[in-house]
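# An overview of the molecular structure
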Amino acid sequence: MIPAFSRSFPLGKELNVTALRSCLFSTTKLFIMASATMMMSGLVPSTAFAQKTVAAKPPVSPEMLAVHSKAKRPVATTPATTPATTSGTGASTGFNSEQGFGSTARQSPGPGCDLFPAPASTGAAVGLSYFGPPPSTVNPSLVGPVQLLNSGKVDASNGTITLPLYKGTVKGKTAWYILTDVSDQGIANELGLNFSAKLGFAENAARTGTIDGNGNIVFDKGTVDFSPQRNIVPGPTGQEFPPKSFTPGEVGDKDYSPFVTITNAGNVVYNAPMIAYNVDASEIDFPNGNVDYSKVHDAVAAIDTVNMTVTLNLVNGFSFGRPVWYISMDASIPLAAAIEHNTYAPLMASLLLGHDDSAFSPIERIFIATNGPEAGSCNNPLRQGLSADLADGFRPNNVLGGIPTIALDYSPAWDANLYEWTQDAINNGYRGQLREEFQILTFVQDGLLTGPAGAPFGSSGFSINCPIVQRLD
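Residues numbered from 1 in each chain as written. Predicted model: local features only at pLDDT ≥ 70, side-chain atom pairs only at ≥ 80, totals over all residues. Heavy atoms only, no water.

### Structural notes on the nonpolar core
Counting residues in each nonpolar core, the largest one holds 99 residues, and the members touching the most others are I161, L179, Y270, I275, L312 and I327. Sorting elements by how many residues they give to this core places helix 6 (residues 334-340) first, with five residues. The contacts of L312, once residues within four sequence positions are left out, are G159, T160, I161, L163, I178, I275, A299, V300, A301, I327 and M329. Listed in part, the 13 residues of the second largest apolar core include F367, L434, L441 and V444. (Core = buried A, V, L, I, M, F, W, Y, C linked by side-chain atoms within 4.5 Å. Buried < 20%, exposed > 50% of the residue type's maximum accessible area, 1.4 Å probe, protein only. Helix = DSSP H or I, 4+ residues; strand = E, 2+ residues; numbered from the N terminus. Contact = heavy atoms within 4.5 Å.)

### Side note on the sheet that holds strand 17 (residues 300-304)
Here we have four strands laid out as an open sheet, ordered 2-3-18-17, and antiparallel in their pairing. Each end of this open sheet is capped by a strand with a single partner; those strands are strand 2 (153-155) and strand 17. In this sheet, neighbouring strand axes are inclined to one another by 20 degrees on average, regardless of whether the strands run parallel or antiparallel. Note: strand 2 against strand 3 (residues 160-164), three bridges, orientation antiparallel. (Pairing = 2+ DSSP bridges. Axes fitted to C-alpha atoms, helices over the stretch in contact; angles between N-to-C directions.)

### Observations regarding the packing of aromatic side chains
Summed over the entire model, instances satisfying the criterion amount to nine aromatic pairs. Three or more aromatic residues joined by ring pairs make a cluster, and in this case those are Y166, Y177 and F219. The cationic tip of R106 hangs over the ring face of F116; the distance from NZ or CZ to the ring centre is 4.1 Å. In this structure, R395 is placed above the aromatic ring of F101, and the distance from its NZ or CZ to the ring centre is 4.3 Å. (Phe/Tyr/Trp six-rings, centres within 6.5 Å; stacked < 30°, edge-to-face > 60°. Lys NZ or Arg CZ within 6 Å of the ring centre and 35° of its normal.)

### Focus: the pattern of salt bridges
Within the structure shown, the criterion is met by eleven salt bridges. R395 is the salt-bridge partner of E340, the closest N and O atoms lying 3.8 Å from each other. Here the residue E340 occupies a position in helix 6, and R395 occupies one in the loop between helix 7 (386-392) and strand 24 (398-400), the gap between them amounting to 55 residues. Take E340 and R395: they sit in the same class, and that class is buried. If you follow the salt bridges from partner to partner, you end up with K198, D356, D357, E364, R365 and E437 in one network. (Salt bridge = Lys/Arg side-chain N within 4 Å of Asp/Glu carboxyl O.)

### Some remarks on the environment of I339
Relative to the helices and strands, I339 resides in helix 6. I339 gets classed as buried once you look at its relative accessible area, which sits at 5%. In the structure, I339 is positioned 90 residues away from G249 in sequence and 9.7 Å away in space, judged by C-alpha atoms.

### A word on the confidence of the model for the protein
Per-chain confidence: the protein averages 88 in pLDDT, with 86% of residues scoring 70 or above. Between residues 1-51, whose pLDDT stays under 50, and residues either more than four places distant or in other chains, the model counts 145 contacts. Taken as a whole, residues 86-91 scores under 50 in pLDDT and shows twelve contacts with residues more than four places along the chain or in a different chain. (pLDDT = per-residue confidence, 0-100.)

### Some thoughts on helix 9 (residues 437-445)
Taken together, the buried positions of helix 9 are occupied by E437, I440, L441 and V444. Along the axis of helix 9, the buried residues cluster in a sector spanning 95 degrees; they form a single face. The N-capping residue of helix 9, defined by a side-chain oxygen 3.0 Å from the backbone nitrogen of F438, is E436. Two residues or fewer past helix 9, G447 is found with a positive phi of approximately 85 degrees. (Arc of directions from axis to C-beta. Polar contact = N/O pair within 3.5 Å; in protein donor to acceptor, adjacent residues only side chain to side chain.)

### Let's talk about the state of the cysteines
Considering all chains together, one arrives at one disulfide under this definition. Shown here is the disulfide that connects C113 with C378, its sulfur atoms set 1.9 Å apart. Disulfide C113-C378: torsion about the S-S bond near -85 degrees, hence left-handed. Here C113 is found in the loop between helix 4 (62-69) and strand 1 (146-147), whereas its partner C378 is found in the loop between strand 23 (364-369) and helix 7, with 265 residues between them in sequence. As far as the burial class goes, C113 and C378 line up, both buried. (Disulfide = S-S within 2.5 Å.)

### Brief notes about the sheet that holds strand 4 (residues 166-170)
An order of 7-6-15-14-8-9-4-5-16 is seen for the nine strands of this open sheet, with the pairing classed as mixed. One side of each edge strand has no neighbouring strand; the edge strands of this open sheet are strand 7 (194-195) and strand 16 (274-277). As paired elements, strand 4 and strand 9 (residues 217-219) share two bridges and run parallel to each other. Residue pairing across strands places V170 opposite F219, the latter belonging to strand 9.

### Re the pairing of strand 15 (residues 268-271)
Every second residue of strand 15 is oriented toward a common face, with V268 and Y270 on one face and V269 and N271 on the other, all of them buried. Pairing of strand 6 (residues 181-182) with strand 15, which is carried by two bridges, proceeds in the antiparallel orientation. Residue pairing across strands places D181 opposite N271, the latter belonging to strand 15. Pairing analysis gives four bridges linking strand 14 (residues 259-262) to strand 15, with the strands arranged antiparallel. By the bridge assignment, T261 is partnered in strand 15 with V269.

So, in structure tokens, the structure goes:
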């Protein structure tokens, strides 16, 4: 086992996304599994049935839907000014000790870090205005873009989304949170959230709560300390992952999970990540950015407690070859939380992992390279992986499994499947950027990829809460 895995800490561009992808085609997955037996039990069924339909629970009654409808808010609008991302907690000594989000999806200097698609007019003999609406306006499964989380506005130029901010309570103390996903299709439609049938099977890793008369959640337990200073000390050059040491920037207590089962309205499960805790509105009101990350989540670019909105930075990734944006909110182990700039959520460790799309599974797989290409940093269009992330401060370009409009098995609870390129594959020049689940699984089958340090490939024993926001094409 890699030593870092075994530790446990208590702890700009003025662009229009619709126009740019208007008509590209006009017609038209830290703990390593201990044995090969465990790998086969988890990997083989998932490989064979990775896009199996997940049976949803019966929809809630109209009466229960009325209770959930109290949580509906106006669609949040983008701030009038671009939020400043500088931390209010003092100067950083480097990107691996930055408090806050670090680099954003649109602040990269090259094609290895900014996955935003080129306009459809590139290389064509006609201007962009010639191209009509994207095919996704007719069918969301076709070429996009497609915004999937619709309770707020995506700012394509800055790589952010602005969402409604909620003010609930935990044992009488204020809990500021957002809503991103829900286990009931009707409620998802009503509130503009992502629908995840799998989320209904995450109850063992969820808190409980009730919806009050104002449409806010009264949580039974689970708090977060946002004051720790995030810090990572990478490994040596070329082998930055695993890091020598790590500390997440926000730490939940043993009862914290972003998932909550609503007991007074049909036991529906929400994804409700905490943004701040036990602070007054005036302490976290940063509508123009310059956020104090000792008080709020590291993904926050701006927070407006007057208009009750929060702007969150987006993360680049892929799903079945298509570039996507998501938000990274929580992780079940401290190492992942430190790397992801998100919250260590201990209760998430109760999620059943390694079973992907088997019956009653709450998870979908996310595939994370450890030693992908990093030479040249963001100038390298093949750049990918955790070592690259720790070397240059930009995100690792992870590969997600199914998301809405591509598959029926989406879950914001992602079972991390770390993979490593073999030395033989590297020596032969085969290492590159991977963008699709079955491409990765095929390379595992062909012996080009293994788990970290040559271990069997499969679930790495931790999960990340990453709600999907938008498909870029």
